[in-house]
Amino acid sequence: SQQGEEDPQALSIQEGENATMNCSYKTSINNLQWYRQNSGRGLVHLILIRSNEREKHSGRLRVTLDTSKKSSSLLITASRAADTASYFCATEHPSYNDMRFGAGTRLTVKP
Amino acid sequence: DTAVSQTPKYLVTQMGNDKSIKCEQNLGHDTMYWYKQDSKKFLKIMFSYNNKELIINETVPNRFSPKSPDKAHLNLHINSLELGDSAVYFCASSLNDRVTGELFFGEGSRLTVL
């Protein structure tokens, strides 16, 4: 029942650098969302991209969606130490009544 | 104001015990969920309720029983706890049962079974 798979599992960068995380999924989707989870906290919604959209921006976040490759990427530009967290993609499949998550990418931004 | 609140935040108990985790949302959402996050951070849907009615029941042992007294509450009761039940359990809510918007998560309840 797992849908999204994030890559890489872990990513460590310096403050100011860009961070790119990828998500692949197996079946057709209605939309794809990215969430952030700080250590010991709940998940927080970042951005939603619908299946008919190819790119979306929100502040320092840029999300792309390639439905032909069944993949998405999340780019965080000019990263900050406060961006250190786990990032999850979640997909809504036409037959599911919920969002399906992967295991996330653990991002560490060093000051 | 906390949008989705769950209690307790931490729960340590012995194998074989029965325990409950409570969840409440004040967002006026129609649908509530329970997710389980294992030690590898993989997040898996367990149950989904829409207006007090069960709409998703993934492959979860029947020792887990959700209860929704009203659409703002979804509690999780676990019987005969096993070591493998140790995980962080997240409650979440969304506006519709066809999820076309975001999920709002609680802070999680870390269950440790000894």
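Structure: above.
Criteria and thresholds
- Residues numbered from 1 in each chain as written.
- Chains lettered and ligands numbered in written order.
- Predicted model: local features only at pLDDT ≥ 70, side-chain atom pairs only at ≥ 80, totals over all residues.
- Heavy atoms only, no water.
- Helix = DSSP H or I, 4+ residues; strand = E, 2+ residues; numbered from the N terminus.
- Buried < 20%, exposed > 50% of the residue type's maximum accessible area, 1.4 Å probe, protein only.
- Contact = heavy atoms within 4.5 Å.
- Areas by Shrake-Rupley, 256 points an atom, 1.4 Å probe, with all protein chains shown as cover.
- Lys, Arg positive; Asp, Glu negative; His and termini not counted.
- Charge placed at Lys NZ, Arg CZ, Asp CG, Glu CD.
- Pairing = 2+ DSSP bridges.
- Axes fitted to C-alpha atoms, helices over the stretch in contact; angles between N-to-C directions.
- Buried area = accessible area lost by both parts, 1.4 Å probe.
- Salt bridge = Lys/Arg side-chain N within 4 Å of Asp/Glu carboxyl O.
- Nonpolar A, V, L, I, M, F, W, Y, C, P; charged D, E, K, R; others polar.
- Patch = residues over 30% accessible without salt bridge, like charges linked within 9 Å, V, L, I, M, F, W, Y side chains within 5 Å.

*Asks:* Looking at this structure, how should I read the overall build of chain A?
*Replies:* Secondary structure summary: chain A contains 0 helices and 11 strands in total. For chain A, the N- to C-terminal ordering of α and β elements is β-β-β-β-β-β-β-β-β-β-β. By principal-axis analysis of the C-alpha atoms, chain A measures approximately 45 × 30 × 20 Å. Looking at chain A residue by residue over its 111 residues, the buried ones come to 47%. For chain A, contacts bridging at least 24 residues in sequence account for 56% of all contacts bridging at least 6. Total accessible area on chain A stands at roughly 5000 Å², and carbon and sulfur atoms take up 45% of it. Charge centroids of chain A, computed over 14 positive and 11 negative side chains, lie 2 Å from each other.

*Asks:* Mind showing me how you'd approach the sheet that holds strand β6 (residues 55-58) of chain A here?
*Replies:* Adjacent strands of a sheet form backbone hydrogen bonds with each other and so pair up, either parallel or antiparallel. Residues and elements named next belong to chain A. Ordered by their spatial adjacency, 5 strands build an open sheet running β1-β3-β8-β7-β6, and the pairing between neighbours is antiparallel. Of all strands in the sheet, those bounded by a partner on one side alone are β1 (5-7) and β6. Sheet twist, expressed as the mean angle between neighbouring strand axes with direction ignored, is 20°.

*Asks:* What am I meant to see in the interface of chain B and chain A here?
*Replies:* Accessible area lost upon the coming together of the parts serves often as the stated size of an interface. Taken together, the 25 residues of chain B in the interface contact 26 residues of chain A. Buried surface at the junction of chain B and chain A, both sides included, amounts to about 2000 Å², of which 47% is carbon and sulfur. Summed over the shared surface of chain B and chain A, the result is 1 salt bridge. Of all the elements in the fold, those that place two or more residues in the side of chain B that touches chain A are β4 (31-37), β5 (43-50) and β6 (53-57) of chain B. A total of 4 residues in the side of chain B that touches chain A trace back to one element, the largest contributor, which is β5 of chain B. Its residues assigned to classes, the side of chain B that touches chain A comprises 11 nonpolar, 5 polar and 9 charged.

*Asks:* So what exactly am I meant to see when it comes to the pairing of strand β8 (residues 71-76) of chain A here?
*Replies:* Within a regular beta strand, the side chains point alternately toward one face of the sheet and then the other, so they alternate between its two faces. Residues and elements named next belong to chain A. Counting buried residues in β8 gives 5 out of 6 residues, a clear majority hidden from the surface. Summarising the sheet, strand β3 (residues 19-24) and β8 pair through 6 bridges and their orientation is antiparallel. Paired with Ser24 across the strands is Ser71, a residue of β8. Taken together, the 6 bridges between strand β7 (residues 61-66) and β8 define a ladder with antiparallel strand orientation. Each residue of the ladder has a partner; that of Arg62, found in β8, is Leu75.

*Asks:* Looking at this structure, I do not really get a positive patch on the surface. What am I missing?
*Replies:* Residues Arg106 of chain A together with Lys9, Lys41 and Arg110 of chain B make up a contiguous surface patch of positive charge. Inspection of the secondary structure puts Lys41 of chain B in the loop between β4 and β5.

*Asks:* In this structure, what is going on with the environment of Leu81 of chain B? I would like to understand it.
*Replies:* All names here are of chain B. Relative to the helices and strands, Leu81 is located in the loop between β8 (73-78) and β9 (87-94). Sequence separation between Leu81 and Leu114 is 33 residues, and the spatial gap between their C-alpha atoms is 9.4 Å. For Leu81, the contacting residues outside a window of four places in its chain are Thr13, Gln14, Met15, Gly16, Asn17, Asp18, Lys19, Arg63, Leu111 and Val113.

*Asks:* What is the right way to look at the sheet that holds strand β3 (residues 19-25) of chain B in this model?
*Replies:* Residues and elements named next belong to chain B. Ordered by their spatial adjacency, 4 strands build an open sheet running β1-β3-β8-β7, and the pairing between neighbours is antiparallel. With partners counted over all chains shown, the strands left at the sheet margins are β1 (4-7) and β7 (64-70), one partner each. Pairwise comparison of adjacent strand axes, ignoring direction, gives a mean angle of 20° for this sheet. With 4 bridges connecting them, β3 and β8 associate as antiparallel partners. Pairing of Ser20 across the sheet is with His77, part of β8.

*Asks:* Got a minute to help me understand unusual backbone geometry in this structure?
*Replies:* Along the chain, Asp7 of chain A connects to Pro8 of chain A via a cis peptide bond; the corresponding omega equals 0°. Structurally, Pro8 of chain A is set in the loop between β1 and β2 (10-14). Residue Pro8 of chain B follows Thr7 of chain B across a cis peptide bond; omega there is 0°. As for its position among the elements, Pro8 of chain B is in the loop between β1 and β2 (10-13). In this structure, Lys70 of chain A is a non-glycine residue whose phi angle is positive, near 55°. When its relative accessible area of 29% is taken as the criterion, Lys70 of chain A is described as partly exposed.

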